[in-house]
Amino acid sequence: ATDVESQVLEALNAHGEIADTEAFSRSASPALDHQSVVGTLRSLEAAGMVSTEGTERTRLGLSSEAQDYLSNGSPESQLYNSVPEGGICMADLKAQLGSIADIGFRQAMQQKWIVIEKTETGQLVKRKVSEVQDKVAQQLQDVADGKTLAEAEVKDLRKRKLVMQTTHTVYHVTKGPNFSMQRRKAETDLTQEMLQRGTWREAEFKPYNFNALGVAPPSGHLHPLLKVRAAFRKIFTQMGFEEMPTNSFVESSFWNFDALFQPQQHPARDAHDTFFVTHPATTPLSTVPEDYRKRVQSIHERGGFGSKGYGSPWREGEAEKNLLRTHTTAVSSRMLYRLAQQGFKPAKYFSIDRVFRNEAIDRTHLAEFFQLEGVVCDYGLTLGHLIGVLSQFFERLGLSELRFKPAYNPYTEPSMEIFAYSKELKKWIEVGNSGMFRPEMLRPMGIPPGVNVIAWGLGLERPTMILYGINNIRELSGHKVSLNIVRQNPICRLGL
Ligand code: PHE
């Protein structure tokens with residue numbers, strides 16, 4: 001036991017209580033620091049050896065400036081003591097005293113302890129009285145000792161910001177249920193030795209703390225994007241959609257752009273948005289069946305199926321350029337072509353995978369991100385079907401209010417941007433783009449007349465950020481990804 005602890009226990013043993021810890025600390029010899037008495041009481045109370053009851057008490061305390069004067073004297077007395085018998089020139093005095101010179105000078109003048117004489121060389125400071133009494137230092141000492149000062153004295157010290165009112169808690173201490181003059185250290189383990197010697201009978205065991213947090217078992221963690229992707233996949237599968245193969249990041253311009261009736265001069269094709277690939281730089285057009293290739297060329301150049309086309313030459317070289325796919329609609333175009341070749345049957349497809357855009361990266365944009373694509377092909381589909389499917393999908397995600405805004409895509413007509421109301425963010429956010437594929441895209445593939453294809457593309461990152469409360473996309477993907485976010489997020493979100 002520490003010295004403080006044994007003094008506390010002895011006092012309790014002798015008197016049954018300590019009425020006031022402050023008085024107790026002060027009257028001990030030597031005096032005890034109240035704070036360390038309180039610390040000791042906390043630890044004794046935790047062991048059930050004492051009980052305490054606190055009361056707030058206010059008293060005067062010393063500012064840190066005052067602490068300094070307590071040991072070195074008040075500024076005015078320091079100044080007075082620096083003035084030698086014959087006087088000292090003002091500049092030297094100031095240099096000698098540093099930061100307390102001004103206040104010391106002002107106070108010493110007020111007390112009429114010093115005078116100033118003008119000489120040819122400047123101002124000379126001289127003593128006016130032969131000795132002084134440092135009352136301020138004495139008052140500060142009294143405050144430190146807990147003595148009471150006259151009201152006027154307190155007022156002056158407060159004005160000089162040397163003392164202020166502080167509150168602290170003092171305690172009334174009584175014996176606790178486990179009071180004893182000696183601490184017993186509770187055992188934490190039952191040992192073989194205790195069993196053999198039978199000492200376990202007398203031993204006191206530390207109770208289990210069932211409120212303590214256990215050590216989290218080490219485990220793997222799924223990235224939030226993967227969790228939301230799994231949820232999206234599940235919803236589409238439940239709605240009867242089939243997943244498209246998305247395994248080629250490198251695509252030819254033909255499938256990414258030309259098959260979609262995207263004109264060859266379209267700005268999205270130029271290097272600002274598209275990452276072109278240099279090794280290998282091209283996919284020969286001979287990989288696309290010749291009749292289809294010719295129909296694509298002719299729809300671009302001359303039109304057909306009620307369309308005028310673009311009226312400008314279509315170059316094979318442009319269509320052969322390799323790129324990192326800019327949207328998963330490239331996957332849909334391959335799939336629709338294949339569907340038409342197999343003999344058309346109504347179908348519902350989806351895909352979720354990475355796409356690439358040559359964009360400046362900021363808190364809401366990445367150069368590669370996940371796109372979720374959906375396609376429904378059937379006879380007689382309308383915009384109403386598109387709105388219906390999207391509403392159902394977002395409803396299952398917990399985003400039940402949707403708004404649509406007319407938009408433009410080279411391959412859809414009409415086109416609509418999709419906005420969802422986020423209850424979590426309390427605002428409308430853009431979640432994707434959609435439309436009905438144009439006949440200029442579908443007819444050359446061989447999709448039969450009367451068949452309409454409704455389609456949409458959604459981002460995966462934005463809904464994930466909303467669902468997981470992440471506001472910087474760079475914490476979610478890329479080289480600055482936050483591993484803490486990955487570790488700390490719940491295994492699953494209920495309701496998704
Ligand atoms: N490809 C479009 C995009 O990347 C999304 C889209 C897909 C729009 C299908 C309409 C139809 O923004």
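Residues numbered from 1 in each chain as written. Predicted model: local features only at pLDDT ≥ 70, side-chain atom pairs only at ≥ 80, totals over all residues.

A. Geometry of the packing of helix α4 (residues 64-72) against helix α8 (residues 135-144). As a packed pair, α4 and α8 sit with axes 9 Å apart at the nearest point and diverge in direction by 115 degrees. Comparing their axes, α8 and α4 come out roughly perpendicular. The element α4 and its partner α8 pack so that their crossing is left-handed. Residue-level inspection shows A66, Y69 and L70 of α4 in contact with α8, the latter providing V136, A137, L140, Q141 and A144. (Axes fitted to C-alpha atoms, helices over the stretch in contact; angles between N-to-C directions. Helix = DSSP H or I, 4+ residues; strand = E, 2+ residues; numbered from the N terminus. Parallel < 35°, antiparallel > 145°, perpendicular 65-115°, else oblique. Left-handed = near helix turned anticlockwise from the far one by under 90°. Contact = placed C-beta atoms within 7 Å.)

B. Spotlight on the site of the ligand. The environment of the ligand is formed by H327, T329, E373, N409, T412, N433, S434, G435, A455, W456 and G457. Contributing elements (two or more residues each) for the shell around the ligand: β14 (427-437) and β15 (451-459). For the shell around the ligand, the class distribution of residues is two nonpolar, eight polar and one charged. (Near = placed C-beta within 6 Å. Nonpolar A, V, L, I, M, F, W, Y, C, P; charged D, E, K, R; others polar.)

C. Highlighting the pairing of β14. Across nine bridges, strand β13 (residues 412-422) lies against β14 in antiparallel orientation. Note on β14: the bridge partner recorded for Y421 is W428. Linking β13 to β14, which pair antiparallel, is a turn of four residues; within it K426 sits at a positive phi near 55 degrees. Bridge count for β14 against β15 is five bridges, and the pairing is antiparallel. Paired with M436 across the two strands is I454, which belongs to β15. (Pairing = 2+ DSSP bridges.)

D. Focus on the nonpolar core. One finds A259, L336, C377, F437, M441, L442 and V453 to be the most contacted residues of the largest nonpolar core, which totals 60 residues. Ignoring anything within four residues of it in the chain, the contact list for L336 reads C377, L442, M445, I447 and V453. The next biggest cluster of nonpolar side chains, apart from the first, holds 13 residues, and it includes F24, V37, V170 and V173. (Core = buried A, V, L, I, M, F, W, Y, C linked by C-beta atoms within 7 Å. Buried ≥ 20, exposed ≤ 12 C-beta atoms within 10 Å, placed from the backbone.)

E. Main features of the sheet that holds strand β7 (residues 242-243). As summarised here, the arrangement of the seven strands in space is β7-β10-β11-β15-β14-β13-β12, forming an open sheet in which the pairing is mixed. Two strands bound the open sheet, and with one partner strand each, they are β7 and β12 (402-409). Helix-sheet contacts for helix α18 (residues 461-468) involve β11 (368-379), β13, β14 and β15, and the interaxial angle to β14 is about 155 degrees.

F. Quick peek at the sheet that holds strand β6 (residues 163-175). Pairing within the open sheet is antiparallel, and its three strands lie in the order β1-β6-β2. The sheet terminates laterally at β1 (17-18) and β2 (50-62), the two strands that pair on one side only. Judged from the 13 bridges that link them, β2 and β6 form a sheet pairing that is antiparallel. Looking at β6, one finds that G54 is bridged to Y171. The sheet contacts of helix α3 (residues 34-46) involve β2 and β6, and relative to β2 the element is tilted by about 165 degrees.

G. Broad picture of the environment of R57. When you line up the elements, R57 lands in strand β2. For R57 and T169, which are 112 residues apart along the polypeptide, the C-alpha to C-alpha distance reads 5.9 Å. Setting aside residues no more than four positions away along its own chain, R57 makes contact with T167, H168 and V170.

H. Highlighting unusual backbone geometry. Cis rather than trans, the peptide bond between S29 and P30 has omega equal to -5 degrees. Position of P30 among the secondary structure elements: in the loop between α2 (21-27) and α3. Here H279 and P280 are connected by a cis peptide whose omega angle stands at -5 degrees. Phi at K112 is positive, roughly 60 degrees, even though this residue is not glycine. Inspection of the secondary structure assignment puts K112 in the loop between α7 (101-110) and β4 (114-119).

I. Up close: the confidence of the model for the protein chain. With 98% of its residues at a pLDDT of at least 70, the protein chain reaches an overall mean of 91. Here the prediction assigns the complex a pTM of 0.60, and the interface score ipTM is 0.97. (pLDDT = per-residue confidence, 0-100.)

J. Region of the structure containing helix α13 (residues 290-301). The first and last C-alpha atoms of α13 sit 16 Å apart over twelve residues, in line with the 16 Å expected at 1.5 Å per residue. Taken together, the buried positions of α13 are V296, I299 and H300. For α13, the angular spread of buried residues about the axis comes to 100 degrees, placing them on one side. Summarising the geometry of α13, the exposed residues directed more than 90 degrees from the buried face are E290, D291 and K294. In this structure, the buried side of α13 is in contact with α17 (439-445). Among the residues trailing α13, G303 stands out with phi positive, at a value near 85 degrees. (Expected span 1.5 Å × (residues − 1). Arc of directions from axis to C-beta.)

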